[in-house]
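Close look at the chain arrangement
What follows is each chain in one-letter form.
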Amino acid sequence: MQGYDTCKCEEQKDRDLQHERFHKSFRFEHTDQKRLAIIVPFRDRFDELLQFAPHIAAFLDKQGIPFHLFVVNQNDRFRFNRASLINVGFLQVRDSYDYFAMHDVDLLPLNDNLRYEFPAHGPLHISGPEFHPKYHYAAFIGGILLLRMEHFEQLNGMSNRYWGWGLEDDEFYVRIREAGLEVTRPKNITTGTNNTFLHVHDRVHRRRDTTKCFNQREITRKRDRETGLSTVQYSIHSRRELTIDGVPVTVLNVDLYCDKQKTPWCECESKTDNANAKVPKKKLP
């Protein structure tokens, strides 16, 4: 009878919570609600992911939005390519979801009026410049951006030329503008830059790769009319299903391909070539 007295009720509650989260994640197969895929471009941010997954799950559960988290992890040894990882994530989820969010892992929404609703009329930028903790220029569309699947295909996704940090979202803004789509942002937000989001990026511990080598600075300041969703080259190294605090997460370990004839800056051989140059984010011509 001793076994009954030593029942680990807290562990049972944790298991029940995990089963409930799994059920909520997949129950949208039987609903008419629009299905949201959260695509997180990722590398070496496990601490942030442990905080992000339960936070965004609780945030979206409040809104009753059917969603699933996809972490697209760059497995190769080239420089980080956020845009290409988003392209890959989109290709993996486009047939099963109605819309998706490209979502930075270090940006956590705090204001419940930030609605991750279906962007019926065009791209919905959740982290607008008037509320983002760091970036405040009018053309900023980074951080958290929601799009319908057909709109992302219409734009041919994002440019694959951006190895290293910065400017890929500015180039994407030009694509949106040229396509005649309008970016909208949440309304009735009364919080400000200090309390609309929690930005968990540590600039010292997580140094950004701002190196510019070869002719990278010149090329990445121009609108890319050659690369995008239709040209991204990659392979799926592995796929893992896991849970973080009961939240189901699909991890796609991705190997990107780099054509060094066209983008030799996917590897900067000379570490002293404009190393750590500070390049301000601004609107592309």
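Residues numbered from 1 in each chain as written. Predicted model: local features only at pLDDT ≥ 70, side-chain atom pairs only at ≥ 80, totals over all residues. Heavy atoms only, no water.

Taking strand neighbours across the sheet as the criterion, the seven strands line up as S5-S6-S3-S1-S2-S9-S8 in an open arrangement whose pairing is mixed. Taken across any chain shown, the strands that pair with only one partner, and hence form the sheet edges, are strand S5 (124-125) and strand S8 (234-244). Where strand S3 (residues 99-103) and strand S6 (residues 144-148) come together, five bridges link them in antiparallel fashion. Pairing of Tyr99 across the sheet is with Arg148, part of S6. With respect to the sheet, helix H4 (residues 82-93) is in contact with strand S1 (36-42), strand S2 (67-74), S3, S8 and strand S9 (247-256), its orientation differing from that of S1 by roughly 145°. (Pairing = 2+ DSSP bridges. Helix = DSSP H or I, 4+ residues; strand = E, 2+ residues; numbered from the N terminus. Contact = heavy atoms within 4.5 Å. Axes fitted to C-alpha atoms, helices over the stretch in contact; angles between N-to-C directions.)

A large share of helix H6 (residues 168-178) lies buried, amounting to eight of its 11 residues. Looking only at H6, the buried set comprises Glu168, Asp169, Asp170, Glu171, Phe172, Val174, Arg175 and Ile176. (Buried < 20%, exposed > 50% of the residue type's maximum accessible area, 1.4 Å probe, protein only.)

On to the nonpolar core, then. Membership of the largest hydrophobic core comes to 35 residues, with the highest contact counts inside it found for Phe100, Met102, Leu147, Phe152 and Phe172. Elements with a minimum of two residues in this core: S1, S2, H4, S3, S6, helix H5 (149-154), H6 and S9. Sort the elements by how many residues they give to this core and H4 lands first, with six residues. By size, the runner-up hydrophobic cluster in this structure holds 33 residues, among which are Val40, Leu108, Phe131 and Leu146. (Core = buried A, V, L, I, M, F, W, Y, C linked by side-chain atoms within 4.5 Å.)

Attention now moves to the environment of Phe78. Here Phe78 shows up in the loop between S2 and H4. Overall, Phe78 belongs to the buried group, its relative accessible area being 17%. In the structure, Phe78 is positioned 179 residues away from Tyr257 in sequence and 8.6 Å away in space, judged by C-alpha atoms. If we ignore the near neighbours within four places in the chain, the residues touching Phe78 are Arg43, Trp163, Leu256, Tyr257, Cys258, Lys260, Cys266 and Glu267.

Our focus in this paragraph is the pairing of S9. Of all the 10 residues making up S9, nine are buried; the element is thus mostly covered by neighbouring parts of the structure. Where S2 lies against S9, six bridges are found, and the strand directions are parallel. Bridging from a neighbouring strand, Leu69 pairs with Val249 of S9. Looking at chain direction, S8 and S9 are connected through 10 bridges and run antiparallel. Looking at S9, one finds that Leu242 is bridged to Val249. Between S8 and S9, which pair antiparallel in sequence order, lie two residues; one of them, Asp245, sits at a positive phi of approximately 50°.

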